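So you can see what is in the structure, the chains are spelled out below.
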Amino acid sequence: MSVSTAAADQSLCTPLRVLGRDVTVPLVTGGEVTYAALDYAASAPALQRVWDDVAAYAPYYGSVHRGAGYLSQLSTDLFENARRTVAEFLGCRAGDQVVFTRSTTDSLNLLARAIPAGCQVFVFETEHHASLLPWQHADVTYLDAPRTPGQAVQTLERALADRDPYGPALVCVTGASNVTGELWPVRELAAAAHAHGARIVLDAAQLAPHHPVSVTDLDVDWIAFSGHKLYAPFGSGVLAGRADWLQAAEPYLAGGGASRRVTRREDGGVAVEWHETAARHEAGSPNVIGAYAIAAACKALTEAGWDTLVAREQHLIAKVRAGLAEVPEVRVLSLFGADAPRVGVLSFVVDGWNSSHFAAALSAEYGIGVRDGLFCAHPLVRTLLGTDPQTQGECGAPEAAPGEKSLNAIRVSFGAGTPDEHVDRFVNAVRELVRDGAKWQYRTEEGRCVPAV
């Protein structure tokens, strides 16, 4: 092996440093083990570098935009520089706005409040609830789950062809599924939307932590994502993209910061002139540390190199898929097929096991944290599971609605901070649980499967 090849292999096998990498947890069978955090799709652990950057800034914290003191001026510069860093990370165009929010959910609800009257919205049933539900007060069309990327584009084109061609329209689509991890054909969907006079917003909550995401390259109108999935702590998110609808809409929240000028009217009321910048939708004292953390994560991922990060994640995905394929009782869920490109998110069911029971055993007996349930994407998971019954173990799944089977799944997810050992332990644990069964007794408590004590 050449020196350069060896260096490349070493780089591929080195995860980024994250908080909690050395945390140990107790096992019900006795002893402790280093915790294997494999629930990145819910919240990724913060990068150590991000935490260090935040800690270095914390003593200099001050209010932004309204203070004359040195710390306030410093914090204001840091906050606005964070906005520019995010804009660069997302490949924003001249004139685009970056609005700091609380999360992806908050970002998409903000946009839902900003769409023009009479706007038609098109969204696939496969979306996370954050991008499926905010449009209920609009003229919304829910599209059936496609079974290929090409079918997704065709489904959207047919729906857009039938819309009112003279009114505004918006398409909302995910970049990577939070259930299957599969990549969606964002460029092609954007092209279809624009060809029919519609705009498109990309839910990049699961895409941005795993792949480079560019407003310009993907030709989308807006991108939304969350800091806590991008290796940044705290409740922060981003909505970035075209400014016109945001400038024309009433502020998302009314209050200080969003207002440029407030005067009393002759009739005794109050007249308000709102900002036209991103501040229009950032009323109140902003989450400066959250915005700074997002910017720090953007810098850290960019400097680590996307080619290296993507290659290493694909290495982990291949390990997980190969390991699960060796267990006949495991069925991996997929819309687009086994060969579809994906990020480090996979969901599956195990014959003979209730998914809550299986996830509880992974945690209690192996120190592995995964997620079970419907993953805030109920229509998609139910579509993927269909009417196939899931044989119940001794722990019952959450209550089903009348006439429905009790269905849920298990999700394993990982990323830039995941060491090979965590993935290897997960694969071995799945194999052992299916072969030998759980070593402990479990019971249902408040809808969750927990070890019996």
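Residues numbered from 1 in each chain as written. Predicted model: local features only at pLDDT ≥ 70, side-chain atom pairs only at ≥ 80, totals over all residues. Heavy atoms only, no water.

Let's talk about the pairing of strand S17 (residues 409–413)
For step 1, the next point in the chain: In terms of burial, S17 is a largely internal element, five of the five residues being buried.
For step 2, the next point in the chain: Burial along S17 is two-sided: Ala 409, Arg 411 and Ser 413 and Ile 410 and Val 412, pointing in opposite directions, are all buried.
For step 3, the next point in the chain: Where strand S14 (residues 345–350) and S17 come together, four bridges link them in antiparallel fashion. Within S17, the residue paired with Ser 347 across the bridge is Arg 411.
For step 4, the next point in the chain: The pairing of strand S16 (residues 371–373) with S17 spans three bridges and is classified as antiparallel. (Buried < 20%, exposed > 50% of the residue type's maximum accessible area, 1.4 Å probe, protein only. Helix = DSSP H or I, 4+ residues; strand = E, 2+ residues; numbered from the N terminus. Pairing = 2+ DSSP bridges.)

Considering the environment of Val 238
For step 1, the next point in the chain: Position of Val 238 relative to the elements: it lies in strand S10 (residues 237–241).
For step 2, the next point in the chain: Judged by relative accessible area, which is 0%, Val 238 ranks as buried.
For step 3, the next point in the chain: For Val 238 and Leu 156, which are 82 residues apart along the polypeptide, the C-alpha to C-alpha distance reads 26 Å.
For step 4, the next point in the chain: Aside from chain neighbours lying at most four places away, what touches Val 238 is Val 86, Leu 90, Val 98, Val 99, Phe 100, Thr 101, Ser 107, Ile 223, Ala 224, Phe 225 and Ile 294. (Contact = heavy atoms within 4.5 Å.)

A look at the sheet that holds strand S13 (residues 330–332)
For step 1, the next point in the chain: One open sheet accounts for four strands, arranged S13-S14-S17-S16; its pairing is antiparallel. The open sheet has two edge strands with one neighbour each: S13 and S16. Between one strand axis and the next, the sheet turns through 30° on average, direction left out of account. (Axes fitted to C-alpha atoms, helices over the stretch in contact; angles between N-to-C directions.)

Points about the packing of aromatic side chains
For step 1, the next point in the chain: All told, the structure shown has 11 aromatic pairs when counted by the stated rule.
For step 2, the next point in the chain: Ring geometry for Phe 89 and Trp 306: centres 6.4 Å apart, planes at 45°, overall tilted. Of this pair, Phe 89 sits in helix H3 (residues 70–89) while Trp 306 is found in helix H11 (residues 306–325), placing the two residues 217 residues apart along the sequence.
For step 3, the next point in the chain: The class of Phe 89 is buried, set by a relative accessible area of 11%.
For step 4, the next point in the chain: For Trp 306, a relative accessible area of 13% puts it in the buried group.
For step 5, the next point in the chain: With a centroid separation of 6.3 Å and 90° between ring planes, the pair formed by Phe 348 and Phe 358 is classed as edge-to-face. Separated by 10 residues along the polypeptide, Phe 348 in strand S14 and Phe 358 in helix H12 (residues 355–366) bring together distant segments of the chain. There is no split in this pair, since Phe 348 and Phe 358 are both buried.
For step 6, the next point in the chain: Every member of this aromatic cluster is reached through a ring pair, and the members are Phe 348, Trp 353, Phe 358 and Phe 426. (Phe/Tyr/Trp six-rings, centres within 6.5 Å; stacked < 30°, edge-to-face > 60°.)

Re the sheet that holds strand S8 (residues 199–203)
For step 1, the next point in the chain: Strand order in the open sheet formed by seven strands is S4-S10-S9-S8-S7-S5-S6, and the pairing between neighbours is mixed. Each end of this open sheet is capped by a strand with a single partner; those strands are strand S4 (97–101) and strand S6 (139–143). Averaged over all neighbouring strand pairs, the angle between strand axes comes to 20°, with direction disregarded.
For step 2, the next point in the chain: Across five bridges, strand S9 (residues 222–226) lies against S10 in antiparallel orientation. Pairing of Trp 222 across the sheet is with Gly 241, part of S10.
For step 3, the next point in the chain: Here H3 sits on the sheet and contacts S4, S9 and S10; the angle it forms with S4, its principal contact strand, is near 115°.

Remarks on unusual backbone geometry
For step 1, the next point in the chain: Its identity as a non-glycine residue notwithstanding, Asp 219 has a phi of 60°, on the positive side.
For step 2, the next point in the chain: Counting through the fold element by element, Asp 219 comes out in the loop between helix H8 (215–218) and S9.
For step 3, the next point in the chain: For Asp 219, a relative accessible area of 40% gives the class partly exposed.
For step 4, the next point in the chain: Of note, the phi angle at Phe 234 is positive, near 75°, even though the residue is not glycine.
For step 5, the next point in the chain: Within the fold, Phe 234 resides in the loop between S9 and S10.

A short note on the nonpolar core
For step 1, the next point in the chain: With 85 residues, the main nonpolar core has Leu 202 and Phe 225 as its most contacted residues.
For step 2, the next point in the chain: Top element by residues in this core is helix H10 (residues 288–304). It accounts for 12 residues.
For step 3, the next point in the chain: Those residues in contact with Phe 225, other than ones at most four positions away along the chain, are Val 86, Leu 90, Ser 103, Thr 104, Ser 107, Ala 204, Ala 205, Ala 208, Leu 230, Gly 237, Val 238 and Ile 294.
For step 4, the next point in the chain: Among the nonpolar cores identified, the runner-up in size contains 33 residues, and Val 327, Phe 358, Phe 414 and Cys 449 belong to it. (Core = buried A, V, L, I, M, F, W, Y, C linked by side-chain atoms within 4.5 Å.)

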